[in-house]
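Analysis of the macromolecular model
The lines below spell out each chain.
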Amino acid sequence: MIALEYKQGELHMIDQRKLPQVFEMFVCKTWKEVDFAIQDMVVRGAPAIGAAAAYGAALAAREYEQESKDVFLSKMEESLAALNESRPTAVNLMWAVKRMRNLLDRHQQENVEQLVERIEAEAHAVVAADQAINIAMGNHGNTIIPEKATILTHCNTGALATVGIGTALGVVRQAFRSGKNIFVYADETRPRLQGGRLTAWELMQEGIPANLIADSVAATLIRDGKIDVILVGADRIATNGDTANKIGTFMLSVLAKTYNVPFYVVAPTTTIDFDMVSGSEIVIEERSSEEVTHIDGHRTAPEGIGVYNPAFDVTPHENITGIITEKGIVRAPFNEQIPKLK
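Residues numbered from 1 in each chain as written. Predicted model: local features only at pLDDT ≥ 70, side-chain atom pairs only at ≥ 80, totals over all residues. Heavy atoms only, no water.

**Section: the packing of helix α3 (residues 69–84) against helix α5 (residues 112–142)**
- The geometry of α3 relative to α5 is characterised by a closest axis approach of 10 Å and an angle of 30° between their N-to-C directions. With respect to their mutual orientation, α3 and α5 come out roughly parallel. Each of K69, F72, L73 and M76 in α3 lies in contact with α5, whose residues at this interface are V112, L115, V116 and I119.
- Among the residues forming the contact of α3 with α5, the class breakdown is seven nonpolar, no polar and one charged. (Axes fitted to C-alpha atoms, helices over the stretch in contact; angles between N-to-C directions. Helix = DSSP H or I, 4+ residues; strand = E, 2+ residues; numbered from the N terminus. Parallel < 35°, antiparallel > 145°, perpendicular 65-115°, else oblique. Contact = heavy atoms within 4.5 Å. Nonpolar A, V, L, I, M, F, W, Y, C, P; charged D, E, K, R; others polar.)

**A closer look at the side chain of E120**
- Within the element layout of this structure, E120 appears in helix α5.
- Classification of E120 by relative accessible area gives buried; the value is 14%.
- With residues up to four places along the chain from it excluded, the contact list for E120 reads Y6, A58 and R62. (Buried < 20%, exposed > 50% of the residue type's maximum accessible area, 1.4 Å probe, protein only.)

**A word on the pairing of strand β4 (residues 150–153)**
- Residues of β4 alternate between two faces, with T150 and L152 on one and I151 and T153 on the opposite face, all of them buried.
- Here β4 runs beside strand β5 (residues 183–187); their pairing, made up of four bridges, is parallel. Residue pairing across strands places L152 opposite Y185, the latter belonging to β5.
- Each parallel crossover has a hand, and for β4 linked through helix α6 (residues 168–177) to β5 it is right-handed. (Pairing = 2+ DSSP bridges. Right-handed = clockwise from strand over helix to strand, strands pointing away.)

**A few points about the nonpolar core**
- Core analysis: the biggest nonpolar cluster contains 46 residues, and L4, L11, M13, F72 and I119 have the highest contact counts within it.
- The set of elements that each furnish at least two residues to this core consists of β1 (4–7), β2 (10–14), β3 (25–28), α1 (31–39), α2 (46–63), α3, α4 (91–106) and α5.
- No other element matches the 13 residues that α2 contributes to this core.
- M13 has contacts with A3, L4, E24, M25, F26, C28, A37, V42, V43 and A52, leaving out every residue within four places of it along the chain. (Core = buried A, V, L, I, M, F, W, Y, C linked by side-chain atoms within 4.5 Å.)

Below you can see the structure in the form of structure tokens.
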């Protein structure tokens, strides 16, 4: 399962808006189409968004390769600036754009043709690195999964959210593939139902035993001692360990702390914002009211009702047992251990 793939000058990505009913590819031929795909959540998940932005830069480079060097650089900055603003919370997006900007700065003496080739190669390198990182996170995470573990997940953190085996769901995959007799409860994850539409679909594709639950069922399972470990992803991590993830994650962390259930965040070091001291600085994206008032285009709430629809919440570091990265598992004190990863 490959969330996105660049071939013959086009970016092909699984249209995640249509799963699981329809498996369809969304093809981007221009960087503006990539910008739309990120904004409209054709592609989602912090690492996958970063990879998409990198390939968006490659498409922009191809689009402007016939221009003079000055115009090329100007147009590239314009496209990178737009891609950088396509979604505000996932730091992997900004990281990928910054990586492309740094590349152009380092090689500004080269001609346009050389720069185009370098940008494409850099985008491929982003993907290759993410694939290796996913495997490393999965292996590190597998060390904390006991035999016969019952695992709770939230949102989608699998192959659809990355360009590899996944972050939190990558740990689940590695535990299952290593022969552990695990079982997964997947939160449906309102309002866009990424757990129900995407995680449940991935678990079935892999043959991993699982049940789908309404988000509010998680509290009962945790209270009754039926969850051994909770695994979630992240869209941005501050240097003190505060973590932004899909709305509903904070609530799970409070329950986990109350009932002494291990609560792990699984994310690559590219998701850490080393310039951000705490989660209070994280910008939380607010999305369309229709995500709450409608399901599959059908209105389920009364016309005219007000809606508050934050896409993410911030889990405080004191609720987190550990952060599983490709470099190992980071534990408290996070404000001392996280900066070492830089």
